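# Observations on the model geometry
Chain by chain, the residues:
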Amino acid sequence: AMPWKFRPLQREAKVFVGETALAFYNAKNKSDEAITGVATYNIAPAKAGIYFNKIQCFCFEEQRLNAQEDIDMPVFFFIDPEFLDDPRMRDVTTITLSYTFFRAEDVDPSVLQAQAASAWTVAS
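Cut-offs used in this document
Residues numbered from 1 in each chain as written. Predicted model: local features only at pLDDT ≥ 70, side-chain atom pairs only at ≥ 80, totals over all residues. Heavy atoms only, no water. Helix = DSSP H or I, 4+ residues; strand = E, 2+ residues; numbered from the N terminus. Buried < 20%, exposed > 50% of the residue type's maximum accessible area, 1.4 Å probe, protein only. Pairing = 2+ DSSP bridges. Axes fitted to C-alpha atoms, helices over the stretch in contact; angles between N-to-C directions. Disulfide = S-S within 2.5 Å. Phe/Tyr/Trp six-rings, centres within 6.5 Å; stacked < 30°, edge-to-face > 60°.

## Some details on unusual backbone geometry
Between Ala 44 and the following residue, Pro 45, the backbone shows a cis peptide bond with an omega angle of 0°. With respect to the helices and strands, the residue Pro 45 is situated in the loop between strand S3 (35-44) and strand S4 (52-57). Of note, Gln 68 is a non-glycine position whose phi angle comes to about 65°, a positive value. The residue Gln 68 is located in the loop between strand S5 (63-65) and strand S6 (70-79) in this model. The class of Gln 68 is partly exposed, set by a relative accessible area of 36%.

Written out as structure tokens, the structure is:
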């Protein structure tokens, strides 16, 4: 298991469609050794994923935390204005962004690519 504590610094944010927003997460390496991690993300509901655009995210790169290190990591994002024109989104009032961290050496890059691609799959 990954010996990191990972949590959002704010449980929710009110975001207006088309406007950029910034969210922060905190990670703490609870071990006595440096660990490099990589994050995969998920958007729920999945059908809203095509409208959720990350401009900058810690999930774009591996993150190395030294022993007992504690850092804040930003996600800069927006919801595409086309969200408002999609009748399938009428029932969507909340979009949840979540992450899972893995040790970088334990993850095959092709698995990460597949997970990232599935996060953007839209149910029709």
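## Some thoughts on the sheet that holds S4
The strand order across the open sheet formed by four strands is S1-S2-S6-S4, and the pairing between neighbours is antiparallel. Two strands in the sheet have a free side with no partner beyond their single neighbour: strand S1 (4-8) and S4. On average, each strand axis in the sheet is inclined to that of its neighbour by 30°, with strand direction left out of account. Taken together, the five bridges between S4 and S6 define a ladder with antiparallel strand orientation. Across the sheet, Asn 53 pairs through a bridge with Phe 78, a residue of S6.

## Concerning the sheet that holds S3
Sheet strands line up and pair through hydrogen bonds in the backbone, either parallel or antiparallel. In space, the three strands of this open sheet follow the order S5-S3-S7, with antiparallel pairing throughout. On the outer flanks of this sheet lie S5 and strand S7 (96-103), each paired with one strand and no other. Pairs of neighbouring strands in the sheet enclose a mean axial angle of 40°, with direction left out of account.

## Quick notes on the state of the cysteines
Tallying each qualifying case throughout the model produces one disulfide. Covalently, Cys 57 is tied to Cys 59 through a disulfide, its sulfur atoms 2.5 Å apart. What sets the handedness of the Cys 57 and Cys 59 disulfide is the S-S torsion sign, and at about 130° it is right-handed. Residues Cys 57 and Cys 59 agree in their burial class; the two are buried.

## Focus on the packing of aromatic side chains
A full pass over the atoms with the stated rule returns 11 aromatic pairs. Here Phe 6 and Tyr 25 contribute two aromatic rings whose centre-to-centre distance is 5.3 Å and whose plane-to-plane angle is 0°, an arrangement assigned as stacked. Taken together, the residues Phe 6 in strand S1 and Tyr 25 in strand S2 (residues 20-29) connect sequence positions 19 residues apart. The exposure class of Tyr 25 is buried, given its relative accessible area of 9%.

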